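Here are the chains, one letter per residue:
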Amino acid sequence: MRRQILPLLLLVPFLTGFDGPEAREVLDTVFRNLYDPDMLVAVELRIDEGQPDAEGVSFAYGRKNKGGETRTLVYTGDGSRDASRVLLFQKPGAQDRAFMSEGTRGQVRPVSVGRYKGSLFGSDFNYADFRARSAAEYSIEVLGRDRIDGESCRVLRLRPLEGPYTMLLAWVSEERPVMLRTDYFDEQGLWKRYRARPENIAQNFDWWVTMQDEMIDLRSGRHTVRHVRNILIGTNVPDDAFTLTQLARGRLPSF
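Residues numbered from 1 in each chain as written. Predicted model: local features only at pLDDT ≥ 70, side-chain atom pairs only at ≥ 80, totals over all residues. Heavy atoms only, no water.

Novice: Explain the overall build of the protein to me, using residue names and the numbers behind them.
Specialist: Looking only at helices and strands, the protein has three helices and 15 strands in total. Burial status across the protein gives 47% buried among its 255 residues. Intrachain contacts of the protein at a sequence separation of at least 6 include 47% that bridge at least 24 residues. Element-wise, carbon and sulfur atoms account for 50% of the exposed surface of the protein, whose accessible area totals about 13,200 Å². (Helix = DSSP H or I, 4+ residues; strand = E, 2+ residues; numbered from the N terminus. Buried < 20%, exposed > 50% of the residue type's maximum accessible area, 1.4 Å probe, protein only. Contact = heavy atoms within 4.5 Å. Areas by Shrake-Rupley, 256 points an atom, 1.4 Å probe, with all protein chains shown as cover.)

Now the structure itself:
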């Protein structure tokens, strides 16, 4: 009898609000799946999906991890030399640095990342949604379990230490390291909802990639659907694409 009770007692703190190494490892596993692989991604956004004035926006982004530093690159349009582009440098213990360039003149200027609240190309995603994260940036409370489209999830309450959000409720799949839903709160309350359907998540080598998801502004009712058109993951992602020299030159590598 004693042997049966002990495993159950070990699980109870993890299921009922415990902010400890087990909960943080669950969250970090999701973040590693999102941010660890080097990648280039071509994306189409449908802004105000389902409405007569819905707008389509194409952009591309990439991520490269090297020497303990994460570099994130975002290009508007098709990645041509006249496209606007931003390169973000992140390193643990240091302030983020961001640089922008546009056109063919080769000029690069630093830009303020602020609280990352600025809209990404007029959509319901913002720059905070693309910035690499770790569990150390949150206080975590485990609320329990739920199901999203039949997939079992652990529900976490996350309180960011900085950024545009005051709280997040995250539905983390228990079957693979992905988030299927996230509710975003700011000082005014519930603001946005992120959703990904299980059937739109595919395995690419060792990584799980969400091929289509959406962000809904719950105050305005507007929502943005994000669809991945093409993706490159792994060793073929070139280092020189993530430098200030290449940012000045423009043109995203073809993939």
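Additional details are given in the paragraphs that follow.
Novice: I'd love a proper account of the nonpolar core, names of residues and values included.
Specialist: Judged by nonpolar contacts, the single largest core of 32 residues is most densely connected at Leu27, Tyr138, Ile140, Leu156, Leu158 and Met179. Residues contacting leucine 156, with those up to four places away along its chain left out, are Leu27, Ile140, Glu141, Val142, Leu168, Leu169, Ala170 and Val172. (Core = buried A, V, L, I, M, F, W, Y, C linked by side-chain atoms within 4.5 Å.)

Novice: Mind laying out the side chain of aspartate 217, listing which residues take part and the relevant values?
Specialist: As for its placement among the helices and strands, aspartate 217 is situated in strand β14 (residues 212-217). Within the buried set, aspartate 217 has no salt-bridge partner at all; the shortest N-O distance to an opposite charge, 5.7 Å, is to arginine 219. A polar contact of 3.2 Å, which involves the side chain of aspartate 217, links it to the backbone nitrogen of serine 220. (Lys, Arg positive; Asp, Glu negative; His and termini not counted. Salt bridge = Lys/Arg side-chain N within 4 Å of Asp/Glu carboxyl O. Polar contact = N/O pair within 3.5 Å; in protein donor to acceptor, adjacent residues only side chain to side chain.)

Novice: How would you sum up helix α2 (residues 21-35)? Please name residues and give values.
Specialist: Helical geometry note: an α-helix holds 3.6 residues per turn, so side chains three or four residues apart project in the same direction. Here α2 spans 20 Å end to end across 15 residues, near enough to the 21 Å set by a 1.5 Å rise per residue. Ala23, Leu27, Val30, Phe31, Asn33 and Tyr35 are the residues of α2 that are buried. (Expected span 1.5 Å × (residues − 1).)

Novice: Account for the pairing of β14, naming residues and giving values.
Specialist: Across the six residues of β14, five count as buried, placing the element largely inside the fold. Sheet analysis places strand β11 (residues 189-195) next to β14, joined by four bridges and oriented antiparallel. From the neighbouring strand, lysine 192 faces β14, where its bridge partner is aspartate 217. As judged from the five bridges shared by β14 and strand β15 (residues 223-233), these two strands associate in the antiparallel manner. Bridge pairing links isoleucine 216 to histidine 223 in β15. Between β14 and β15, which pair antiparallel one after the other, the connecting turn spans five residues, and glycine 221 there sits at a positive phi close to 85°. (Pairing = 2+ DSSP bridges.)

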